[in-house]
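Structural overview for review
Next come the chains, spelled out residue by residue.
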Amino acid sequence: MNLNIKLMKDLIRNISIIISIIFILIIYGCSKKVNCDKCDASGKITCNICGGDKRYTSSFTCNHCRNGYRTCNECSGEGQAKCNYCYGDGYSMQPCSVCGGSGLDYNTGGYGGPCHFCGGAAMKNQPCHKCNGDGKIECEECGGDGTVVCSYCFGDGSYTRENNCNICDENGKVSCIKCLGKGYIIE
Ligand SMILES: [Zn+2]
Ligand SMILES: [Zn+2]
Ligand SMILES: [Zn+2]
Ligand SMILES: [Zn+2]
Ligand SMILES: [Zn+2]
Ligand SMILES: [Zn+2]
């Protein structure tokens, strides 16, 4: 009986020692600080918003145009503009096409009287040679397309803007996400 109690006491003491050793191993042996490999122990990593540049660009869709093109103001998108030679009349005073501007009737060698076509006026309203009597010509601004390249985005349909990076406070670096900025990890 006494022997058994002694054995039990020994056993309990031995177990306590083993448990203590395990604890010591856990606290001092197993858990150790290891340099963080993600940040090279610096605790900082390159900001992934600006890539370390401290500035980043963001692009915006241009709201002044559709895909880089705008309606031509000059012709309101019609592609046709008022002829600037006849002012849209379609006719202009030009040398008479029959007498060539002389006013004389060449059928009779010039001695038969005034030109039968212009009545001797030498000039006659004739279909405008520039617009062929249409009164309209192709819009020079847009080349007849009715659209012009957007002057805001230069035809890109979008534009980019540079921003100061406020994710990293313009440092180019942020706290390491693996070690939370400590530079080491406890293993
Ligand atoms: Zn780290
Ligand atoms: Zn940044
Ligand atoms: Zn004539
Ligand atoms: Zn004309
Ligand atoms: Zn136009
Ligand atoms: Zn635009």
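As a starting point, this report considers the structure included with it.

So, how was this worked out
Residues numbered from 1 in each chain as written. Chains lettered and ligands numbered in written order. Predicted model: local features only at pLDDT ≥ 70, side-chain atom pairs only at ≥ 80, totals over all residues. Helix = DSSP H or I, 4+ residues; strand = E, 2+ residues; numbered from the N terminus. Rg over C-alpha atoms; globule rule 2.2 N^0.38 Å. Buried ≥ 20, exposed ≤ 12 C-beta atoms within 10 Å, placed from the backbone. Core = buried A, V, L, I, M, F, W, Y, C linked by C-beta atoms within 7 Å. Contact = placed C-beta atoms within 7 Å.

Helix and strand counts for the protein come out as one helix and twelve strands. In the protein, the succession of helices and strands from N to C terminus is α-β-β-β-β-β-β-β-β-β-β-β-β. Taking 16 Å as the expected radius of gyration for a compact globule of 187 residues, we find that the protein reaches 47 Å, considerably beyond that expectation. Along the first, second and third principal axes, the C-alpha set of the protein runs to 165 × 30 × 20 Å.

Once that is clear, we can look at unusual backbone geometry. We note that D40 has phi near 55°; this positive angle belongs to a residue other than glycine. Tracing the chain through its elements places D40 in the loop between β1 (33–35) and β2 (44–46). Given 12 C-beta atoms within 10 Å, D40 falls into the exposed group. One non-glycine residue, Y87, lies in positive phi territory at about 55°.

This next bit is on the nonpolar core. General note: in soluble globular proteins, nonpolar side chains tend to be found buried as a group. Among the nonpolar cores identified, the biggest contains eleven residues, and these are C72, C75, A81, C83, C86, C128, C131, I137, C139, C142 and V148. Core analysis: the next-biggest nonpolar cluster, separate from the first, contains nine residues, C36, I45, C50 and V174 among them.

Okay, the environment of G112 next. Mapped onto the elements of the fold, G112 is located in the loop between β6 (91–95) and β7 (123–127). Note on G112: 12 C-beta atoms within 10 Å, which makes it exposed. The sequence separation of G112 and E170 amounts to 58 residues, and the corresponding C-alpha distance is 94 Å.

Note on placement: H64 falls in the loop between β3 (55–61) and β4 (69–71). A count of 11 C-beta atoms within 10 Å places H64 in the exposed class. Setting aside its immediate chain neighbours within four residues, H64 contacts R70, C150 and Y152.

This brings us to the environment of C39. Within the secondary structure, C39 sits in the loop between β1 and β2. For C39, a count of 22 C-beta atoms within 10 Å puts it in the buried group. Not counting chain neighbours up to four residues away, the residues in contact with C39 comprise K44, I45, C176, K178, C179 and G183.

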